[in-house]
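Coordinate analysis (summary)
Each chain, written out:
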Amino acid sequence: MRSITTFDLQYAHRFYGFKGEAQYLHGHTGVLTIEVEDTVNEGVNMVFPCNEIQKTAWAVLKNFDHALILREDDPLLPAVLDVYEKQGIRNGHPQNTMKGAAFKTELCTAYPDCRLVVTKETMTVEGMIKIVYDLLKDKLNIAKITFTSGVNAGSMEFETRKQIDRCPLCGIALDENGRCPKCGYKK
Ligand SMILES: [Zn+2]
Ligand SMILES: [Zn+2]
């Protein structure tokens, strides 16, 4: 069975070098759907609480919200950073509070202080699915990711590992010591 959670992500990007309108900077509200698969946890009669999927995923995904997403070789990148620098907002601003933890993976690097994500590949819906899976695969039993942005939509199914021990009282993942971080239940 699956527990399914959906997020809205508002972002700006462009397809650098693409022969079409998308080579110009523009924005979207993207809709990301994450499907988590496992057995039904008998204690709570859920696969996984959706608010906990939200919490786990949003900790990293909020770096993509109200962010600029550019490919690492895009000449807009140094140009934008130069403007942010001159404006004094490159390294953060008191009103930039909705920040996730900075991260760096094979596919992308997040700079929460200036709401920028730099990607290795063009940030298409397919590219975003790869990025999200890579960021969350060790935390959630992801069976499918769907991403819709404007008229573009993509989805990919993944093999689930089915080895996440869950609390029979809260349904959330137990830590490495078999303890529930929420209620203290010990396996
Ligand atoms: Zn676009
Ligand atoms: Zn618990």
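What this report covers is the structure whose coordinates are included nearby. (Residues numbered from 1 in each chain as written. Chains lettered and ligands numbered in written order. Predicted model: local features only at pLDDT ≥ 70, side-chain atom pairs only at ≥ 80, totals over all residues.)

Moving on, we come to the sheet that holds strand β6 (residues 142-149). In space, the seven strands of this open sheet follow the order β4-β5-β3-β1-β2-β6-β7, with mixed pairing throughout. The sheet terminates laterally at β4 (108-111) and β7 (152-157), the two strands that pair on one side only. Each adjacent strand pair in this sheet contributes to an overall mean axis angle of 25°, direction not counted. One ladder, built from seven bridges, connects strand β2 (residues 26-37) with β6; its direction is antiparallel. Residue pairing for β6: Val 36 is matched across the bridge by Ile 142. (Pairing = 2+ DSSP bridges. Helix = DSSP H or I, 4+ residues; strand = E, 2+ residues; numbered from the N terminus. Axes fitted to C-alpha atoms, helices over the stretch in contact; angles between N-to-C directions.)

Right, let's talk about the nonpolar core for a bit. In this structure, Ile 34, Val 36, Ile 69, Val 132 and Ile 142 are the most contacted members of the largest nonpolar core, which totals 30 residues. Secondary-structure elements contributing two or more residues to this core are β2, α1 (50-61), β3 (67-71), β4, α3 (125-136) and β6. Ranked by residue count, the leading element in this core is α3, at six residues. Beyond its immediate sequence surroundings of up to four residues, Ile 142 is in contact with Ile 34, Val 36, Tyr 133, Leu 136, Lys 137 and Phe 158. (Core = buried A, V, L, I, M, F, W, Y, C linked by C-beta atoms within 7 Å. Buried ≥ 20, exposed ≤ 12 C-beta atoms within 10 Å, placed from the backbone. Contact = placed C-beta atoms within 7 Å.)

What follows concerns the pairing of β7. Bridge analysis of β6 against β7 gives six bridges, and the strand direction is antiparallel. If you follow Thr 146 over to β7, its bridge partner there is Ser 155. Connecting β6 to the antiparallel partner β7 that follows it, the hairpin turn spans two residues, and Gly 150 within it adopts a positive phi of roughly 60°.

To continue, consider the pairing of β3. Each regular strand shows side chains that alternate between the opposite faces of the sheet. Burial within β3 is extensive, with five of its five residues counted as buried. Neither face of β3 is left uncovered, since the one carrying Ala 67, Ile 69 and Arg 71 and the one carrying Leu 68 and Leu 70 both have all their residues buried. By the bridge criterion, three bridges tie strand β1 (residues 2-13) to β3 in an arrangement that is parallel. The residue bridging Ala 12 from the neighbouring strand is Leu 68, located in β3.

In this section: the environment of Pro 94. If you trace the backbone, Pro 94 turns up in the loop between α2 (76-87) and β4. Note: C-alpha distance between Pro 94 and Cys 180 (86 residues apart in sequence) is 35 Å.

Helical periodicity: at 3.6 residues per turn, an α-helix aligns residues three or four positions apart in one direction. Here α2 contains 12 residues, and its C-alpha end-to-end distance of 16 Å stays within 8% of the 16 Å for a straight helix at 1.5 Å per residue. Among the 12 residues of α2, zero are classified as buried, and the element is accordingly described as predominantly exposed. (Expected span 1.5 Å × (residues − 1).)

Turning our attention to unusual backbone geometry. Even without being a glycine, His 66 presents a positive backbone phi close to 50°. Considering the arrangement of structural elements, one finds His 66 in the loop between α1 and β3. Located in the positive-phi region is Arg 115, a residue other than glycine, with phi close to 50°. Mapped onto the elements, Arg 115 comes out in the loop between β4 and β5 (116-119). Looking at Arg 115, the number of C-beta atoms within 10 Å reads 24, which means it is buried.

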